[in-house]
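Remarks on the overall topology
Residues per chain, in single letters:
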Amino acid sequence: MPTMDDIAKQVGVSKGTVSKALNGAPDISESLRKTILDTAVALGYTRARRGAVRTLCVFIQNMDYEKPEDFGTDIITGFRQMAEPSGYGVKVVRLSAELQRSIPYDAYMLREGYLGALFLGLTLLDPWMKEFTRSHTPAVLYDNLVRGNPTVSTLGIDNNEAIGQAIEALYGMGHRKIGYLSGALGSHITQVRYNSFFYEIKRRKLPSSRSMAGYSYFFSDCIDTYLPRLLAQGVTAILCSSDLLAHSVLIRCLEMGIRVPEQLSIVGFDDLPFCAHTAPPLTTIRQDRLQLGKSGYYALDSLLNGVPISSLLLHGHLILRGSTGPVPEHPYGKQASDEKIIASSRKLTEHYRAAYEEFAK
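Residues numbered from 1 in each chain as written. Predicted model: local features only at pLDDT ≥ 70, side-chain atom pairs only at ≥ 80, totals over all residues. Heavy atoms only, no water.

Before going further, it helps to spend a moment on the sheet that holds strand β1 (residues 54-60). Strands belonging to one sheet form pairs held by backbone hydrogen bonds; the direction of such a pair is parallel or antiparallel. The strand order across the open sheet formed by 6 strands is β2-β1-β3-β4-β5-β11, and the pairing between neighbours is parallel. In the strand order of this sheet, the two ends are held by β2 (88-94) and β11 (311-314), each with one partner. On average, adjacent strands in this sheet sit at an angle of 20° to one another, irrespective of strand direction. Of the pairings in the sheet, the one linking strand β5 (residues 152-157) to β11 comprises 4 bridges and is parallel in character. From the neighbouring strand, G156 faces β11, where its bridge partner is L313. (Pairing = 2+ DSSP bridges. Helix = DSSP H or I, 4+ residues; strand = E, 2+ residues; numbered from the N terminus. Axes fitted to C-alpha atoms, helices over the stretch in contact; angles between N-to-C directions.)

Written out as structure tokens, the structure is:
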């Protein structure tokens, strides 16, 4: 195991200077501190005591994990089911932009004695995302991609394949005008799903103008602005980037008097537990979150052992339920007009608006 003496010799400073740099002493310049930290990480130095439990970290943000039905719960459970029997401790840390701005990723991991990490819920704007192109501490990123660094791996499902399954199923039911609604395109995965949707409908020579899709950070904006536009274009099916958004669309359609799936089919993404209990039950693309967690450990353990896994993608699975059906002969009823659709859309109460914005958080 490398020691502080090894770091000192490599950098050409005293052991005391190394100790100050590792402990955040204020009388060390930032450039020297960075050099010492980079050297320590490159040598494989760890502050864990000999014989102590080796610890891995799960960083999580923009995702809940406290309750059994939360998206992150099963991922963390699967990770622990693999890591802990292998002799690792697992620490779950709520990640924030403030923490990322306060200390570099490698420095934080070295300070806390964590050997590697699984990241859940990162966005493209997170400060550490820029560091992953040159970081040294093994990291597995769920639903995010960093190229060119052999210590960073991508974890997820094959979203291109999954979107293709959904479009193929709707196409097989006779749908020829399919729309897409998404949260903001501020993450790698929302961009992948957005682009996959257009690839799949173009491949089948379906209407593919950009007006066939809409996205927004707030679900209420997505529904107020883009759902009426899709309905006015005569779409008979809508694919959503998440189950929460699909459920919000389902509620709005019921308020508007649009019968699902008799007049409009709706598909979600993730297969959260509530999907089987909506009215009608929601068709969705399932991600096996327990297996994602187990695979996250497998990828991280591989990185820790010098196996440079680039990406590990599982197969998604389309779950057909009651929110999808054959293409209707008369979408939204013969008497429906664009004006009625738009007018009805604007009647959302403040109570529901607040609920949609809470979903978006």
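The next point concerns the packing of aromatic side chains. According to the stated counting rule, one finds 19 aromatic pairs in the structure shown. Between F71 and Y142, the aromatic rings sit 6.2 Å apart at their centres with planes inclined by 35°, giving tilted as the arrangement. Residue F71 is located in helix α4 (residues 71-83), and its partner Y142 is located in strand β4 (residues 139-142); the two are separated by 71 residues in the primary sequence. Neither F71 nor Y142 differs from the other in exposure class; each is buried. Among the aromatic side chains, those forming a connected cluster through ring pairs are F59, Y105, Y108, Y114, F119, W128 and F132. Stacked on the ring of Y88, the Lys or Arg R54 has its end atom at 4.3 Å from the ring centre. Directly above the aromatic system of F269 lies the positively charged group of R193, at a separation of 3.7 Å from the ring centroid. (Phe/Tyr/Trp six-rings, centres within 6.5 Å; stacked < 30°, edge-to-face > 60°. Buried < 20%, exposed > 50% of the residue type's maximum accessible area, 1.4 Å probe, protein only. Lys NZ or Arg CZ within 6 Å of the ring centre and 35° of its normal.)

With that settled, the discussion passes to the packing of helix α8 (residues 159-172) against helix α9 (residues 188-203). The N-to-C vectors of α8 and α9 enclose an angle of 45°; their axes lie 9 Å apart at closest approach. With respect to their mutual orientation, α8 and α9 come out oblique. Seen from above, α8 lies across α9 with right-handed handedness. For the pair formed by α8 and α9, the contact residues are N159, N160, I163, G164 and I167 on the first element and I189, V192, R193, S196, F197, E200 and I201 on the second. (Parallel < 35°, antiparallel > 145°, perpendicular 65-115°, else oblique. Left-handed = near helix turned anticlockwise from the far one by under 90°. Contact = heavy atoms within 4.5 Å.)

This paragraph deals with the pairing of strand β7 (residues 213-216). Remember that side chains alternate between the two faces of the sheet whenever the strand is regular. Alignment of strand β6 (residues 178-183) against β7, held across 4 bridges, turns out to be parallel. Considered in β7, the bridge of G183 is made with S216. In this fold, β6 hands off to α9, which returns the chain to β7; that crossover is right-handed. (Right-handed = clockwise from strand over helix to strand, strands pointing away.)

Of the pockets and cavities examined, the second largest pocket occupies roughly 470 Å³. Put simply, the parts of the chain that give the lining of the second largest pocket at least two residues each are α2 (15-22), α3 (30-43), α6 (105-112) and α7 (127-131). Per-element tally for the lining of the second largest pocket: the top contributor is α3, with 5 residues. (1 Å grid on protein atoms, 1.4 Å probe; cavity = no way out; pocket = protein on both sides within 12 Å on 5 of 7 lines; lining within 4 Å. Points joined across faces, edges and corners; volume = space filled by probe spheres on them.)

Keep in mind that these numbers describe shape and distance, not what the molecule does.
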